[in-house]
Amino acid sequence: MTIEELADYIGMSVRNIRAYNSAGMLPPITLRGRLGLYGTEHTARLEVIRSLREQGFGLERIKQILQNESRMPAHADAWMAAQSHILNVIGQSNSNSETVQTEVIEQDWDQQLTPEVAQKLQQSGILRIHEDGSMEHLAPGLRPLGNRLASMGVTIDQGATIQNELVQDLRRLVRTYLRLAMQLTTQNHGEHAVLPGHLDDWLRDTPELLLEAIRALLPILLRQEADSMASMMQRGLESQGKPATSR
């Protein structure tokens with residue numbers, strides 16, 4: 001493509017493309033006589049630059065990122081473009097945090113929030129404790145669940161342990177899901193960043209899709225684990241020579 005065709009294709013001004021090229025932020029162009037031609041490697045690089053600009057990065061910082069990426073294998077730009085696109089779409093998901101005072105958390109659990117438990121709560125990345133002692137809860141929907149656990153006699157320390165393990169397992173699930181998204185957005189051995197038209201909707205539906213998977217699996221897993229625990233208890237009783245009680 002000529003620079004004018006590239007500008008029209010990617011939706012960027014010729015002036016900006018020339019500026020990025022002069023700054024050494026684009027791959028070398030192909031010369032045909034005095035005419036400079038651009039290809040898919042330039043569209044992928046410009047997508048990366050635009051995405052990073054939209055995320056608030058300055059030009060100098062973007063140059064540093066691109067210089068580091070130049071040490072990666074060929075077609076790294078396509079992967080960067082796909083990754084930036086995914087992060088932008090996922091980042092548009094609604095997420096409302098809630099700021100509460102420490103006293104409110106203690107009232108919820110009817111227990112004192114010790115520094116040790118506060119530190120454990122922060123480990124999951126779901127709670128942030130500010131200098132004034134207030135806590136920013138990134139998933140306020142968990143608070144009613146905490147109240148129900150507290151009514152069952154679960155301590156706030158035990159609740160923090162449950163939360164951390166749940167977050168850790170869900171993070172693994174989300175990472176697997178995002179790796180799948182990366183594979184779907186890069187085709188032909190990574191030579192082009194192929195972004196199907198339905199991909200954005202699929203990415204935006206990520207929370208609901210994962211929840212549906214969890215809803216389908218959780219009853220089965222609970223039953224399997226309950227049966228496994230019952231079998232272990234029965235074997236333990238039998239090994240002690242005691243009669244096993246029926247479930």
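Residues numbered from 1 in each chain as written. Predicted model: local features only at pLDDT ≥ 70, side-chain atom pairs only at ≥ 80, totals over all residues. Heavy atoms only, no water.

Draft legend 1. Quick peek at unusual backbone geometry. For Asp110, which is not glycine, the phi torsion reads 55 degrees and is therefore positive. Looking at the element boundaries, Asp110 is found in the loop between α6 (102-109) and α7 (115-123). Residue Asp110 is classed as exposed on the basis of its relative accessible area, which comes to 70%. (Helix = DSSP H or I, 4+ residues; strand = E, 2+ residues; numbered from the N terminus. Buried < 20%, exposed > 50% of the residue type's maximum accessible area, 1.4 Å probe, protein only.)

Draft legend 2. Molecular detail of the packing of helix α1 (residues 3-10) against helix α3 (residues 40-54). Put simply, α1 and α3 touch, their axes get as near as 11 Å, and they point 50 degrees apart. Between α1 and α3, the interaxial angle falls into the category oblique. Both α1 and α3 take part in a crossing whose hand is right-handed. Of α3, the residues touching α1 (which contributes Leu6, Tyr9 and Ile10) are His42, Thr43, Leu46, Glu47 and Arg50. Of the residues contributing to the contact of α1 with α3, the split by class is 4 nonpolar, 2 polar and 2 charged. (Axes fitted to C-alpha atoms, helices over the stretch in contact; angles between N-to-C directions. Parallel < 35°, antiparallel > 145°, perpendicular 65-115°, else oblique. Left-handed = near helix turned anticlockwise from the far one by under 90°. Contact = heavy atoms within 4.5 Å. Nonpolar A, V, L, I, M, F, W, Y, C, P; charged D, E, K, R; others polar.)

Draft legend 3. Spatial organisation of the pattern of salt bridges. All chains considered together, the criterion is met by 7 salt bridges. With its nearest N and O atoms 3.3 Å apart, the salt bridge here joins Arg215 to Glu208. Its relative accessible area of 51% is what places Arg215 among the exposed residues. Its relative accessible area of 38% is what places Glu208 among the partly exposed residues. One network of salt bridges, in which partners are shared, links Glu98, Asp108 and Arg143. (Salt bridge = Lys/Arg side-chain N within 4 Å of Asp/Glu carboxyl O.)

Draft legend 4. Local environment of the packing of α1 against helix α2 (residues 14-22). Two numbers describe how α1 lies on α2: the axes approach to 9 Å, and their chain directions differ by 110 degrees. In terms of axis orientation, α1 runs roughly perpendicular to α2. Read as a crossing pair, α1 and α2 show a hand that is right-handed. Every residue of α2 that contacts α1 at Ile3, Glu4, Leu6 and Ala7 is listed here: Val14, Ile17 and Arg18. When the residues that make up the contact of α1 with α2 are grouped by side-chain class, the tally is 5 nonpolar, no polar and 2 charged.

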